[in-house]
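# Structural features, examined
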Amino acid sequence: EPGIGKSSVIRAMCEERGWHFFELLCNQLGDRADLTGCRSIKDIETVNGKEKEIWKQIFFPHQSVQDAITCATNNPNEIVVLFLDEINCVSETLAPAMLQFLQYKIFGRHRVPDGWIVVTAGNPPEYNNSVREFDIVTWDRLKRIDCEPVYDIWKEYAYKAGVHAAITT
């Protein structure tokens, strides 16, 4: 369900353990190029008197992914958590790239560094009209934990943690 603290729980777990946390909001990704990169002309060479374009795949990842890659590169022995929030809101054009990522841990040609932990979260379709139902192939690559808020349990926690009464009421 939305607003029950999925992101907060993962962020707090990372802080408690001293792990790096990076969040990628999947519903803000536009298309496949956001994960796999864009083609770009590398150079033009002349072959038999004719100019020929040499193409190269250039990786322009989402800033959260780039920050996580930089962190992992600079801290190779530390754990990095990449949190993919709203994973079931990726567009139809991005779905194959996301499945490739879940299956092989690669963005295009770029492999996720060792030591990364990938965590995903999403909400049921009744809370968001842009939610896509996963096919069986995608579900096979995920471990699902359904979370539901239970007010009485939270209230007991809030009391013990000293949460202000204005919040608990």
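Residues numbered from 1 in each chain as written. Predicted model: local features only at pLDDT ≥ 70, side-chain atom pairs only at ≥ 80, totals over all residues. Heavy atoms only, no water.

### Let's talk about the overall build of the chain
- Counting its secondary structure elements, the chain contains 7 helices and 7 strands.
- Each helix and strand of the chain, ordered N terminal to C terminal, gives the series α-β-α-β-β-α-β-α-β-β-β-α-α-α.
- Relative to its full complement of 169 residues, the chain shows a buried share of 30%.
- When the accessible area of the chain is evaluated, it comes to approximately 11400 Å², of which 50% is carbon and sulfur surface. (Helix = DSSP H or I, 4+ residues; strand = E, 2+ residues; numbered from the N terminus. Buried < 20%, exposed > 50% of the residue type's maximum accessible area, 1.4 Å probe, protein only. Areas by Shrake-Rupley, 256 points an atom, 1.4 Å probe, with all protein chains shown as cover.)

### Topic: the side chain of Thr168
- Mapped onto the secondary structure, Thr168 falls in helix H7 (residues 165-168).
- A polar contact is formed between the side chain of Thr168 and the backbone oxygen of Ala165, at a distance of 3.1 Å.
- Filtering out sequence-adjacent residues up to four positions away, Thr168 remains in contact with Tyr151, Trp154, Ala158 and Val163. (Polar contact = N/O pair within 3.5 Å; in protein donor to acceptor, adjacent residues only side chain to side chain. Contact = heavy atoms within 4.5 Å.)

### Description of the nonpolar core
- Of all hydrophobic cores here, the largest spans 21 residues; its most connected members are Val80, Leu82, Leu84, Ile87, Met98, Phe101 and Trp116.
- Among the elements of the structure, strand S1 (20-25), helix H3 (63-74), strand S4 (80-85) and helix H4 (95-104) are those that each provide at least two residues to this core.
- It is H4 that contributes the most residues to this core, 5 residues altogether.
- The residues touching Val80, leaving out its near neighbours within four places in the chain, are His20, Phe22, Ala68, Cys71, Ala72, Gly115, Trp116 and Ile117.
- Counting residues in hydrophobic clusters, the runner-up holds 7 residues, among them Ile10, Cys14, Phe21 and Ala121. (Core = buried A, V, L, I, M, F, W, Y, C linked by side-chain atoms within 4.5 Å.)

### Let's talk about helix H1 (residues 6-17)
- Its 12 residues place the ends of H1 17 Å apart at the C-alpha level, agreeing with the 16 Å of an ideal helix rising 1.5 Å per residue.
- Looking at H1, one finds that the buried residues are Lys6, Ser7, Ile10 and Cys14. Mapping the buried residues of H1 onto a view down its axis gives an arc of 105°, with all of them on the same face. Facing away from the buried side of H1 by more than 90 degrees, the exposed set consists of Val9, Glu15 and Glu16.
- At its buried positions, H1 is contacted by S1, S4 and strand S7 (116-121).
- Taken from the residues just after H1, Gly18 is the one with a positive phi, measuring 75°. (Expected span 1.5 Å × (residues − 1). Arc of directions from axis to C-beta.)

### Re the side chain of Asp85
- Following the sequence through the fold, Asp85 ends up in strand S4.
- One buried charge, Asp85, has no salt-bridge partner; the nearest side chain with opposite charge is Lys6, at 5.8 Å.
- Among the polar contacts made by the side chain of Asp85, one reaches the side chain of Ser7 at a distance of 3.1 Å.
- In this structure, Asp85 is in contact with Ser7, Glu23, Leu24, Leu25, Cys26, Asn27 and Ala121, ignoring residues within four places of it in sequence. (Lys, Arg positive; Asp, Glu negative; His and termini not counted. Salt bridge = Lys/Arg side-chain N within 4 Å of Asp/Glu carboxyl O.)

### Observations concerning a nonpolar patch on the surface
- Together, Tyr151, Trp154, Tyr157 and Ile167 make up a nonpolar patch on the protein surface, roughly 450 Å² of accessible area in all.
- Top contributing element to the nonpolar patch by residue count: helix H6 (residues 151-161), with 3 residues.
- Inspection of the secondary structure assignment puts Tyr151 in helix H6. (Patch = residues over 30% accessible without salt bridge, like charges linked within 9 Å, V, L, I, M, F, W, Y side chains within 5 Å.)

### Here we look at the pattern of salt bridges
- Taken as a whole and assessed by the stated rule, the structure comprises 3 salt bridges.
- The partner of Glu23 in a salt bridge is Arg11, with the nearest N and O atoms 3.1 Å apart. With Glu23 in strand S1 and Arg11 in helix H1, the pair connects residues that are 12 residues apart, well separated along the chain.
- Glu23 gets classed as partly exposed once you look at its relative accessible area, which sits at 23%.
- Taking relative accessible area as the criterion, Arg11 reaches 31% and is therefore assigned partly exposed.

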